[in-house]
Structures are given as structure tokens and as C-alpha cells.
Amino acid sequence: MQGIEEKRGGTDRALQHFPEHFLKGIALSVWQNSSDTSSNWTEFAQRKNYFGQGAYKDAFLKANDFWTEYENDIKLMKDLGATSFRFSFEWARFAPEGPGSVDPSAVAKFHQILDCCEANGLEPCATLFHFTLPQWFEALGGFAVEENLPLFVDYCTLVFQHYGHRIRLWATMNEPTCFAFVGYICGIWAPGKFLRLTEAGTVLCNLLKAHCAVYRALKKLPGGSGACIGLVHQHIMFEPRDNWWHIRAMCKWMTFWFGTNVVLDFFKTGTFTWASPFSSLAKTLHVDDGIKAGELVVDWWGVNYYSRPVVHWNFAMGASSANERVTDTNFRLHPQGLYDSIKDASALGVPIYITETGLADAKDQHREHFIRSHYSMLLKAIHDGFDVRGVFFWTLMGNI
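Reading guide: rules and limits
Residues numbered from 1 in each chain as written. Predicted model: local features only at pLDDT ≥ 70, side-chain atom pairs only at ≥ 80, totals over all residues. Heavy atoms only, no water. Pairing = 2+ DSSP bridges. Helix = DSSP H or I, 4+ residues; strand = E, 2+ residues; numbered from the N terminus. Axes fitted to C-alpha atoms, helices over the stretch in contact; angles between N-to-C directions. Parallel < 35°, antiparallel > 145°, perpendicular 65-115°, else oblique. Contact = heavy atoms within 4.5 Å. Nonpolar A, V, L, I, M, F, W, Y, C, P; charged D, E, K, R; others polar. Salt bridge = Lys/Arg side-chain N within 4 Å of Asp/Glu carboxyl O. Buried < 20%, exposed > 50% of the residue type's maximum accessible area, 1.4 Å probe, protein only.

Chemist: So what exactly am I meant to see when it comes to the sheet that holds strand S13 (residues 317-318) here?
Modeler: Sheet strands line up and pair through hydrogen bonds in the backbone, either parallel or antiparallel. On the basis of which strands lie adjacent, the open sheet formed by 3 strands has the order S8-S12-S13 and mixed pairing. Each having just a single partner strand, strand S8 (239-240) and S13 make up the two edges of the open sheet.

Chemist: Explain unusual backbone geometry to me, please; I cannot follow it from the model alone.
Modeler: Only a minority of non-glycine residues have a phi that is not negative, and only a minority of peptide bonds are not trans. For the bond from Ala190 to Pro191, the omega torsion is 5°, close enough to zero to count as cis. Note on placement: Pro191 falls in the loop between helix H8 (176-186) and helix H9 (197-219). The omega angle of the peptide bond from Trp394 to Thr395 is 5°, so this bond is cis rather than trans. Position of Thr395 relative to the elements: it lies in the segment after strand S15 (388-394). Phi is positive for Ser35, which is not a glycine, with a value near 60°.

Chemist: Is there a simple way to think about the packing of helix H3 (residues 66-79) against helix H5 (residues 104-119) in this case?
Modeler: When two helices pack together, you describe them by how their axes are tilted relative to each other and by the distance separating the axes. Interaxial distance between H3 and H5 falls to 9 Å at its minimum, and their mutual angle equals 10°. Viewed along their axes, H3 and H5 adopt a mutual orientation that is roughly parallel. Where H3 abuts H5, its residues Phe66, Trp67, Tyr70, Glu71 and Ile74 lie against Ala106, Lys109, Phe110, Gln112, Ile113, Cys116 and Cys117. Of the residues assigned to the contact of H3 with H5, the class counts are 9 nonpolar, 1 polar and 2 charged.

Chemist: Sorry if this is basic, but what is going on with the pattern of salt bridges here?
Modeler: In a structure, side chains of opposite charge can pair up when their charged atoms sit close to one another. Scanning the model with the defined rule gives 20 salt bridges in all. Across the pair Lys219 and Asp299 runs a salt bridge, and its minimum N-O distance is 2.7 Å. Placement of Lys219 in helix H9 and of Asp299 in the loop between helix H12 (289-292) and strand S11 (300-304) is noted, with a sequence separation of 80 residues between them. Put simply, Asp242 and Arg241 hold a salt bridge, and the shortest N to O gap is 3.1 Å. The class for Asp242 is partly exposed, based on a relative accessible area of 34%. A relative accessible area of 34% means that Arg241 is categorised as partly exposed. Several salt bridges share partner residues, and in doing so they unite Asp115, Glu118 and Arg166 into one network.

Chemist: Help me understand the pairing of S11 in this model?
Modeler: Two faces, one strand: in a regular strand the side chains alternate between the faces of the sheet. The element S11 is extensively covered by neighbouring structure, given that 5 of its 5 residues are classed as buried. Neither face of S11 is exposed, since Trp300, Gly302 and Asn304 on one face and Trp301 and Val303 on the opposite face are all buried. Both strand S7 (residues 228-234) and S11 contribute to a ladder of 5 bridges, which runs parallel. Its bridge partner lying in S11, Gly230 is registered against Trp300.

As C-alpha cells, this is what we get:
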């Protein structure tokens, strides 16, 4: 789709076309669409049964079999008009047995996936860490232990050495704040820890340290100087529906712990701070002297945007008004939030990609409206001068 028409106030307003070379893509997680036998998420799904809901467990563990059906899936992306494909490398497939182990069949399969992208004219955008880790790395303490970070750097280096000549756009990780918040505060994602407020801060801090270490390591490798290496961040803020004090407090801390501003501030200043309701002051956990001195450790910024959720008095999410549309997960459709997220990310001074946007809509009641309204807002941001170079719809298959 080259351009979008948007209706406002009964008047059609034709918005400008996407710029030349603008990437229009589809994003997916290989694990979420293939599962595996050696990752922390597979172990977690088997152990926790995902709140006892067998259908969700089956969806996670059976998935859509992208690992086998990738040729059909990538062809489908091309037929939908995509020009790019964002996917994840899976550490647990590369090194299922432990540090230093390499599964040659996984190395070959990812080459085959890239061959298929090339055959279908899709530019790959690769994510090195999309929530899943080898179970052996989790058993060592995962990202909660700073001494484990060199293992992650080694894995990223290995992947880049195999595929660096084939991929221009790299993301070190996907949504580090969600990994920390949902896995260590909510407890509903791996590793399933609950209300570990301090540990969540440590994990997020270590993830940002890991990003910086990987960025600097890859840039030193052959071909590294020409690679575009970024980070994918979820931009999300929670708003109270009404003026209840407990909901105002909840939204304040949810917004802080999801870390939209925490992470942006780190990449602007080099300082990582963390806080909880039980401490009077935010604590500085890390200062990156390179960033503080003006070093850029991202070549591009990935914005994942789904909504700006509204929380009601009873802690339920939903619409902010009677006529506002909501998704199957009670996220309201709020396209202005996409524009605001782009504006916030622009402070970093690097190109922006919308690396995920989409909705849960099993009956396809709101999908067309979502795409038109959000892509129109995206085009408005480009028209207003923001350096947005691509958008990736999440996702190809509704697997859960």
C-alpha cells in the first residue's frame, strides 16, 4: 500500500506516499512461531502451564511451525506486499548444550531462511535476543548475574560472524523493559518471578550493559562498521481512567517499571536509575562513561507501539470513552500515542523504525481501522520531519 486515505470529520484527506526505500515489513519471533526444546521459555511453559490454560500452553509449544514452513510464510509476506522481514535468531537453537556448543543444523537453517528472504525480495532485520534464552543460561542466573554477560556477547559475536555479510539491520534485543517487568515483577513470563522489584532493575540494567557491550564488540568485527545496530524498545505509558488515588499510583509505577523514559534517559545521558515504592529515592545503578561523553551506541531506534492503556478504578484496562475501540486484550486504539512515541524517540538523533505495531482482533472487527489510523499517524510524523524509515506489522500469524 503506497498511500493511505484517512477520513476525519466526514472529509477524506489524502496523505502523502511513503518515502522511497521506506521498509514495509512483518515481524515475528521465531520461538513464538516455532517453539524449541532447549529454551527457558519452553521450560517455563511446561512448568507453569501458563496460568493453567492448556490452550495457551499448546499454542506456545506447538506454535505455527515457522521453522519448517518458513518458505510458505515468507512467500505469504511477499504476496502481502512486504519489503522486509524482521525475525529473531534463537540462542537456544545455536547452543542448546551449553557455552561453546554450536548446532550446525541451526546455522544452516538460518542461512536457508535468509536465502528465502533474498529470493522473495525481503530485506532481513534480525533481532539477536527476543525474550528467549537457552535453559542452561537461565540456570546460571540469566541476565540477573552480570558475570554472565560475556556469554551473551560471545553468542552475538558468533551470529554476526556467520551472517553479518548478509544482514544490514540488527537489533541486539527486543523490549528489555518488558522482559524485566513481566518476568520479574508480574511473573507471567519466564522466568516467572513475582514482585522482585530490585531484581527487575538489576536485570534491566544488565540488559542495557549487554547491549552496549554487544554494540561495541560487533563494530570491531570485519563488516561491523557498516552494520546498522539498534535496540527495540516498547514505548508504553499507562493512564488512569478516573481520579482514583490507587489507580493514579498504579499507573505511575507501571509506567516507570515498563521503562519508556528510563531507557531513553540511559541512551541520552549514560545514567541508569531505578526505584520502587519502598525506597524514598531513585538509585543510580550504572553510568556508562562512553554515552556520558557523547558516544552513540545505537545506529537506529526501534519503536514498538501498541497502545497507551487506560486503567479503570477496578484495575481493568479498557476504553477512555464510550466510543473508543478496544482490542481483544482491552488495549484501546490510540494512534496519537504512536506519533508521541516517534517524537520521544527522535530525541536520540538516530533513524527510527516502527519495529512492531498491531492488535489482538480475532474477529477482524478493528484491524482495518487500526492500520489506517496508525499508518496515517505514521505518515503525518514523516511529513512533520521525523526520520522514520520503516514499519513492521506484528505479526504474520495469530498464534496465541
